[in-house]
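# Summary of the model geometry
The chain contents come next:
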Amino acid sequence: MRNLLLSSALIAYSLLGMAHASIGLKDDTTPSLDIGAEVFNQRCSLCHGSQGMGEGKIPLKIPDYPDTNLFTAQKASTKEEIYNTVVYGSMLENINQYMPPMGNELTWTELESVSLFIGFLRNEPKQAIAKLSDLDQQSSFITLGKDVFEARCVLCHGKNGLGDGRMAKIIKSPPPFNLTKSRAPAAYLKRIIEEGGQPLGRSPQMPPWGEQLSADELNAVVEYIISLRD
Ligand code: HEC
Ligand code: HEC
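Residues numbered from 1 in each chain as written. Chains lettered and ligands numbered in written order. Predicted model: local features only at pLDDT ≥ 70, side-chain atom pairs only at ≥ 80, totals over all residues. Heavy atoms only, no water.

A separate point is the environment of Asp67. Locating Asp67 in the fold gives a position in the loop between helix 3 (57-61) and helix 4 (79-88). Taking the C-alpha atoms as reference points, Asp67 and Asn96, 29 residues apart in sequence, are found 9.9 Å from one another. A distance of 3.0 Å separates a polar atom in the side chain of Asp67 from the backbone nitrogen of Asn69. At 3.2 Å, the side chain of Asp67 and the side chain of Thr72 are in polar contact. (Helix = DSSP H or I, 4+ residues; strand = E, 2+ residues; numbered from the N terminus. Polar contact = N/O pair within 3.5 Å; in protein donor to acceptor, adjacent residues only side chain to side chain.)

Here it is as structure tokens:
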């Protein structure tokens, strides 16, 4: 164990020279578990699984794939070893070729945060997994909003909400609203989507959707159009 550590430390040291300038792109945000959870979700779960138990999509496909369960793996246990593994990955002697070096792809804050998060995952698995599933829910909420928008709104408001959908050729004065320019509060958006333009003194060409959308769909599409703003 000691030799292993020593040799990986040596390699890390010799790599530092060449990779130092690009490791951990500049970013002054304070590292946090929330950022770590997000990085994990986006960049690590493919191989380590959505809960870190090695149940990722890639290991399931490749025979003889090394164990990616972060709870049973023991090559990196201290914060520093974890950090080095994330930065240098397979460039380290004791780490398998399938673990990509992330030092050039993530910012310093992201590297620090995700390393903290791996420690948290191991020490407080319940809380850490709860954080990860919150993120999954958030992203499925955004996906729901996008689906509703694409199915029902694009025709007039256009794919990116610019008000340039196919029906914009026919609907003039006023044309379909350019939603990227909207600054209306969420409660107003919700009302006009639910009840249509007319009851709010706006154009009846903006149809009411209250009967066709579930409460979740309505809230999700409101979030989604807010995310389109410039
Ligand atoms: C393409 C697949 C892949 C991706 C993406 C990936 N890993 Fe890995 N990771 C591996 C494999 C395979 C191993 C096992 C290496 C070994 O046993 O030598 C590993 C090992 C590790 C280890 C060492 C575990 C131990 O104690 O033995 C850590 C820590 C780790 N990865 C963190 C991360 C983090 C954090 C991310 C995202 C920023 C990430 N990995 C992304 C495949 C991946
Ligand atoms: C048949 C065309 C049409 C469709 C389909 C349509 N809209 Fe509209 N929408 C309009 C028009 C026209 C206006 C402009 C009303 C006005 O300015 O008086 C508008 C205005 C709006 C506004 C007001 C923005 C603001 O800040 O004042 C929102 C929000 C909106 N639409 C959301 C949606 C959503 C979400 C959908 C899909 C569920 C949708 N619209 C589907 C035509 C449409």
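In the first shell of the iron atom of ligand 2, the protein supplies His157 (NE2) and Met206 (SD), at 2.0 to 2.2 Å from the metal. Given a relative accessible area of 11%, His157 falls into the buried group. (Donors = N, O, S within 2.8 Å, 3.2 Å for Na, K, Ca; no water. Buried < 20%, exposed > 50% of the residue type's maximum accessible area, 1.4 Å probe, protein only.)

What follows is about the site of ligand 1. Neighbouring residues of ligand 1: 26 residues in total, closest Cys44, Cys47, His48, Lys75 and Met99. A distance of 3.5 Å separates an oxygen atom of ligand 1 from a polar backbone atom of Gln74. Residue Lys75 places a side-chain N or O atom 2.6 Å away from an oxygen atom belonging to ligand 1. Elements with a contribution of two residues or more to the shell around ligand 1: helix 2 (33-48), helix 4 and helix 5 (108-123). (Near = heavy atom within 4 Å.)

The reference angle at a metal is 109.5 degrees if four donors form a tetrahedron and 90 or 180 degrees if six donors form an octahedron. Distances from the iron atom of ligand 1 to its protein donors, His48 (NE2) and Met99 (SD), fall at 2.0 to 2.1 Å. For the iron atom of ligand 1, the 6 donor atoms in the first shell make angles of 87 to 178 degrees at the metal, a pattern classed as octahedral. Taken as a pair, His48 in helix 2 and Met99 in the loop between helix 4 and helix 5 lie far apart in primary sequence, 51 residues in all. His48 sits in the buried class, given a relative accessible area of 15%. (Tetrahedral: all angles 85-135°; square planar, octahedral: opposite > 155°, others 65-115°.)

Bringing the packing of aromatic side chains into the picture now. Summed over all chains, the structure comprises 4 aromatic pairs. Measuring from ring centre to ring centre gives 4.6 Å for Tyr65 and Tyr98, while their planes differ by 35 degrees; the resulting arrangement is tilted. Of the two residues, Tyr65 sits in the loop between helix 3 and helix 4 while Tyr98 sits in the loop between helix 4 and helix 5, which places them 33 residues apart along the sequence. Tyr98 gets classed as partly exposed once you look at its relative accessible area, which sits at 35%. Ring geometry for Phe149 versus Tyr224: centroids 5.6 Å apart, planes at 50 degrees, classification tilted. Of the two residues, Phe149 sits in helix 6 (residues 125-152) while Tyr224 sits in helix 9 (residues 215-227), which places them 75 residues apart along the sequence. As far as burial versus exposure is concerned, Phe149 and Tyr224 are alike and both buried. Three or more aromatic residues link up through ring pairs in this structure, and these residues are Phe40, Phe117 and Phe120. (Phe/Tyr/Trp six-rings, centres within 6.5 Å; stacked < 30°, edge-to-face > 60°.)

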